[in-house]
There are 2 protein chains.
Amino acid sequence: MAGRFINMKNLKFTLHELIDIHKTPNLDPFAGRNKKSIDLVLDAALEFSKKALYPIFELMDRNPPELKNGTVAVNPEVRNIMQTLGRDGWIAAPFPEEWGGEEMPASILHAVYFIFAAANYSASVYSGLTTGAAKLIFTYGSDYLKKTFLPSMRDGKWQGTMALTEPEAGSSLGDLVTSARPMQQDELSTDEPAGKIFLISGEKIFISAGDHDGVDNVVHLLLARIEGSPAGVKGISLFVVPKFRPENLMSPKNMNQAETSYQQSKEYTKMVGNDVTVTQTFHKLGYRGAPITALSFGDKGDCWGWLVGEPNKGLSYMFQMMNGARLEVGMGATSIASAAYEAALDYTKTRKQGRSLSGDKQNKRKNQPVPIIEHPDVKRMLLFQRSVWEGSLSLILQCSIYEDIVKSLSRDLMKNSSDLSEIELINIKDEKEKYHLLLELLTPVAKTFPSEMGILSTSQSLQCFGGYGYCEDFPVEQHFRDMRIHAIHEGTTGIQGMDILGRKVVMQDGKALKLFCHEVEKTVEKALSHKDLDSMAYEMRQALKTVTDTTQTLGIMAMQKGAEAFLANATLYLEMFGYVVIAWQWLSQSLMAVKKLSDNPDISIFNTDYSSSDTKKSDVINKSDRLFYEGKIMVCRYFFYHELPKIKHLEYTLTRDIPITISIQTDHFTS
Amino acid sequence: MAGRFINMKNLKFTLHELIDIHKTPNLDPFAGRNKKSIDLVLDAALEFSKKALYPIFELMDRNPPELKNGTVAVNPEVRNIMQTLGRDGWIAAPFPEEWGGEEMPASILHAVYFIFAAANYSASVYSGLTTGAAKLIFTYGSDYLKKTFLPSMRDGKWQGTMALTEPEAGSSLGDLVTSARPMQQDELSTDEPAGKIFLISGEKIFISAGDHDGVDNVVHLLLARIEGSPAGVKGISLFVVPKFRPENLMSPKNMNQAETSYQQSKEYTKMVGNDVTVTQTFHKLGYRGAPITALSFGDKGDCWGWLVGEPNKGLSYMFQMMNGARLEVGMGATSIASAAYEAALDYTKTRKQGRSLSGDKQNKRKNQPVPIIEHPDVKRMLLFQRSVWEGSLSLILQCSIYEDIVKSLSRDLMKNSSDLSEIELINIKDEKEKYHLLLELLTPVAKTFPSEMGILSTSQSLQCFGGYGYCEDFPVEQHFRDMRIHAIHEGTTGIQGMDILGRKVVMQDGKALKLFCHEVEKTVEKALSHKDLDSMAYEMRQALKTVTDTTQTLGIMAMQKGAEAFLANATLYLEMFGYVVIAWQWLSQSLMAVKKLSDNPDISIFNTDYSSSDTKKSDVINKSDRLFYEGKIMVCRYFFYHELPKIKHLEYTLTRDIPITISIQTDHFTS
């Protein structure tokens, strides 16, 4: 196992040239960062991944976590990985300096996740989940909660989780039944104030890293219903529920002392069990290096939970979290697709088989067997894979930049609002809303496109290996298995479809969709002026019109026939939207490639005989760069002529109003 | 595990009503068979599957074969299964009575395979491969070979294999290097005639059931190159190469004695090793219950192989075999998709989650959670699965009937040719050619559509379970893994694409395609006259035109630009063809359903409120039958409005002549 799992050149192209994080206006998280310092971060992440994550990629899969004596035993390297990621500041990276972080922007952070997850998806989730859970405490928790829980999470000594799903409720969070009863003063063994501490009782399933022996404690960010709260989503609150509660540190009075203690890391021995039981660790298709657990809270009536923020606002807190988590799921899928592609590329360029049809036509056998990458059918499979993962990567980093901009503008508003004129204030608010809406609209796409297309993409990686792809001798069968979770966790594809069509597209009278169209139109305008891109720009404009026309038709359907008819094929609407969004990303990539290539005005990209490659063109940019940019434009063309046309049949199905998925009844399936 | 894995009602509908094997003209294999006797066969197959195959479906996966002391150890039940299938006549079913068979037609045999493979795909291949290998010996082998090898294969005591693939050659059979040197008289330890026995030397990989301890011997039908033969596919010969050669039975003089011995099953102890070594058993993504092996022949220079038929004709013999094998691969994929669908159906109709959007709109929470099958998105996933596997099943059985007709007409010609007038003779020959050509044309579709769409179909089965689908607690994750082999073995999808476009469509000036169009047009004509089907009939006609237009455009491309341009997107052509073929099958199914429903002239299928189901319509046909036939028409509509439209983007890509998969070069991928 010494293979490549990411293309660093492509990642840096996407960050520095395509998204160009440096030119983003007024983005204070980037103050003090430059290309060089960002590259150092990426290179360090790659170094760590090669050394610590990739070597145990297969091992973690072959020896999945097992429940032993009430604890889940994981690969012993997990402890080292968590502690190294803690010590070197990766877990705390997005936090402010006072919490050990460096306020790393989401765009850089997600690029780092990309590298980690491509090396070993299972190994990457432990720290990612911890950062995510810590963010929730950091954003909504009291000082008390922050000081009690964040330091050990930051250091990789305590695992963080998100505990949402319940056996009966599943995707329907409004139905969750885990309960929280406020403790009375006389029930508290120490002098915590009543009203913030609750007794938790209930069951959660599918909790990633819900328990394991690679850490000393597990901190669940758990959704539960406070007794007497409203039914449905409006009665859900958020709690911190640790596996062990550190008994001597629970009192607010001791807070200063507490922090000292944590920093000295001496007080762990004084923890007591918090009545959280692991009832199962699931055996899974893939993603086997990370334990997915079923947990029982409060079997003995002694499970303490600390309320985060206000009662009944848990779901809105969690949703802010979940949006980030959904981008990360998209990135996880993208990473796996990247690793599978790199394996396929390596194999197809070395494996010789079959003859070229473009050689001696009279006697095929005179031609020598060629590396299979030279067969058009294999090139097509590789083009497809690239179009999926490179397109997804740039979309997710684009979304991450939106996230960074929103955060930065929010801070500007808070810091400077008194110094700003009313017009400046309105402008900043408008900008902030714009990027917020774009992020909201594109998040279900950034989650779903790589997750769904990644199933097909890793399947094509596998196919490139022929029979070997089906065997454990090569890593692709594992990538194929690891990939399949992403269309399920953090909201299934069906849920994402309802989200984009039922919420994101309709919110604020379709404002997000209008903003998106405006962004695409800007790209189209630029591309129209270049002879190598103008036909694709035209296709892009048509595709955008297909989406808006379809949306309009569905809107009329909603008015005439109601919500069920409107949303019946929401998954297909999301699929269509995905093709258009990724086409936009590819057109942007091509624009940048053309710009880079046009440093040499003699280059005409598609009138070139690529087979005689060592040309004079290399005067201006070096040969490898030229091939890289040419390749980008070619993958873009692939996407526009092989993938984007799929919106046509989706439009057909979405607008025909043949409500077959509503009218067929259960009896028709069971008779 | 007490789930259903097939829908027997649907299978019987397909055989008796749709394909209607009883009305097939002059089909002597069906003489003496009627609906009742065929149903007895199917019911017996189901009984055996439930009792012997399904209960070890998971067990065989969790404890895959291991190479121990030179032999592959498999689940101990394999021996019982093989011997029962031998004893009860399943392995020999297609053979004539003198060989223990009953000349079971391919259509019935494939229906039986469907049942076995749906219960446990891995367990079903041992006997299927044995039948296949025995067929080759039966068809092309000498009496000597038949008498020596068939009885023990028939009885399930010896395993049969097809040993084609080599480590370096893979799909490119013309490059195989396994060699065969004719033995000289003085090298023979017994008095066999020289010239028919060869010394084999070489390596084969990915040999299914290539070795295991569930049988006493393994009989490889192996392709090798006799020394001095031409290079490429024209120099390949077929050999019988057993793992053990029964020393005392090798002499033709002893043949009568030999057969007696076999029948008494006493002579097995007198076998000697034939220098065949298992070097590896592959650990695979799925299909884990069957060993896939790498074998080395003649390491010690003592591996004997018996030539089958004439030298250098091995590939043509094998191809005849492979066509059947390709139908069986398609059937295997169909079976797995069926089993996954049945699991998903069972889950979705019992699992409650979420509310219906068609209930109380003001207050969703007033509605009770519903079984998830009531959500349109779930119905869509189930419709997709049904459209794939029920459509594939009827196509493969349709092809099987073509096979039966060809075989029957061949026999008529041989038996009666002297009694027939010249015109009768020509008619029979024409008929035979017609069905032969249809079978040739449709075989790559029947292999590939279920194999490729089955990946998506089992993936959707898995999705129906949400998080549970990803876990070993339910069988779907295994179905998803088991499915993935089918697009690879017996010729990858890429190979099938080249086969249909590069050979089948162009052969005899496109005669096969013309015949196919004629068959479809007949179905269209009938459907046009029914008001519930006429719009689909119209779509069908358009779709057929899309295929023929695309074929024409590609033909022009072939003339102008050569073979590479013509075949570059052959896989996409096959994909398009698949949608059209399956649409035709669905239109046929709908026609039959309409016919059954129209026994009651009052039924108007699409003006019915299906939600109030207990109607007066049940006067004529019972309610369950009515729902079954209505369901058929609805799945057909699903296929026509959700799946068939996909040919539009394929046409776009195939005819645009943007040769991106040819022009991109290896350097563009690696720079």
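From a predicted model like this one, the values you see are computed outputs, not experimental measurements.

### Quick look at the packing of helix H11 (residues 422-464) of chain A against helix H13 (residues 493-504) of chain A
Residue and element names in this part refer to chain A.
- Here H11 crosses H13 at 155°, and the two axes come no closer than 9 Å. In terms of orientation, H11 and H13 fall into the roughly antiparallel class. H11 and H13 meet at a crossing whose hand is left-handed. On H13, the residues touching Glu 440, Leu 441, Pro 444, Val 445, Lys 447, Thr 448 and Glu 452 of H11 are Thr 493, Gln 496, Asp 499, Ile 500 and Lys 504.
- Across the contact of H11 with H13, the residue classes tally to 4 nonpolar, 3 polar and 5 charged.

### As for the relation of the copies chain A and chain B
- When chain A is fitted onto chain B, the two copies agree to an RMSD of 0.0 Å after a turn of 180° and an axial shift of 0.0 Å. In symmetry terms, the pair is related by a two-fold rotation axis.

### Notes on the nonpolar core
- Within the largest apolar cluster, 386 residues are counted, with the highest numbers of intra-cluster contacts made by Phe516(A), Phe577(A), Phe516(B) and Phe577(B).
- Leaving out residues up to four positions away in the same chain, Phe577(A) has contacts with Leu441(A), Leu442(A), Val445(A), Ile500(A), Val505(A), Leu513(A), Phe516(A) and Val547(A).

### Brief notes about the confidence of the model for chain A
Residue and element names in this part refer to chain A.
- When pLDDT is averaged along chain A, the result is 90; 90% of the residues meet or exceed 70.
- Within the model, pLDDT remains below 50 along residues 249-269, and this stretch shows 36 contacts once partners closer than five positions in the same chain are excluded.
- For the stretch residues 601-619, pLDDT sits under 50, and the model shows 29 contacts to residues farther than four places along the chain or on other chains.
- Taken together, the chains of this predicted complex give a pTM of 0.94 and an interface ipTM of 0.94.

### Description of the packing of aromatic side chains
- In total, this model carries 63 aromatic pairs over all chains according to the counting rule given.
- Connected via pairs of aromatic rings, a cluster forms that spans Phe206(A), Phe282(A), Tyr347(B), Phe465(B), Tyr468(B) and Phe474(B).
- One cation-aromatic arrangement involves Arg245(A) over Trp304(A); the distance from NZ or CZ to the ring centre is 4.0 Å.
- Against the face of Phe480(A) rests Arg484(B), its NZ or CZ located 6.0 Å from the ring centre.

Here is what the cut-offs are and how they apply
- Residues numbered from 1 in each chain as written.
- Chains lettered and ligands numbered in written order.
- Predicted model: local features only at pLDDT ≥ 70, side-chain atom pairs only at ≥ 80, totals over all residues.
- Heavy atoms only, no water.
- Axes fitted to C-alpha atoms, helices over the stretch in contact; angles between N-to-C directions.
- Helix = DSSP H or I, 4+ residues; strand = E, 2+ residues; numbered from the N terminus.
- Parallel < 35°, antiparallel > 145°, perpendicular 65-115°, else oblique.
- Left-handed = near helix turned anticlockwise from the far one by under 90°.
- Contact = heavy atoms within 4.5 Å.
- Nonpolar A, V, L, I, M, F, W, Y, C, P; charged D, E, K, R; others polar.
- Least-squares fit on C-alpha atoms with pLDDT ≥ 70 in both.
- Core = buried A, V, L, I, M, F, W, Y, C linked by side-chain atoms within 4.5 Å.
- Buried < 20%, exposed > 50% of the residue type's maximum accessible area, 1.4 Å probe, protein only.
- pLDDT = per-residue confidence, 0-100.
- Phe/Tyr/Trp six-rings, centres within 6.5 Å; stacked < 30°, edge-to-face > 60°.
- Lys NZ or Arg CZ within 6 Å of the ring centre and 35° of its normal.

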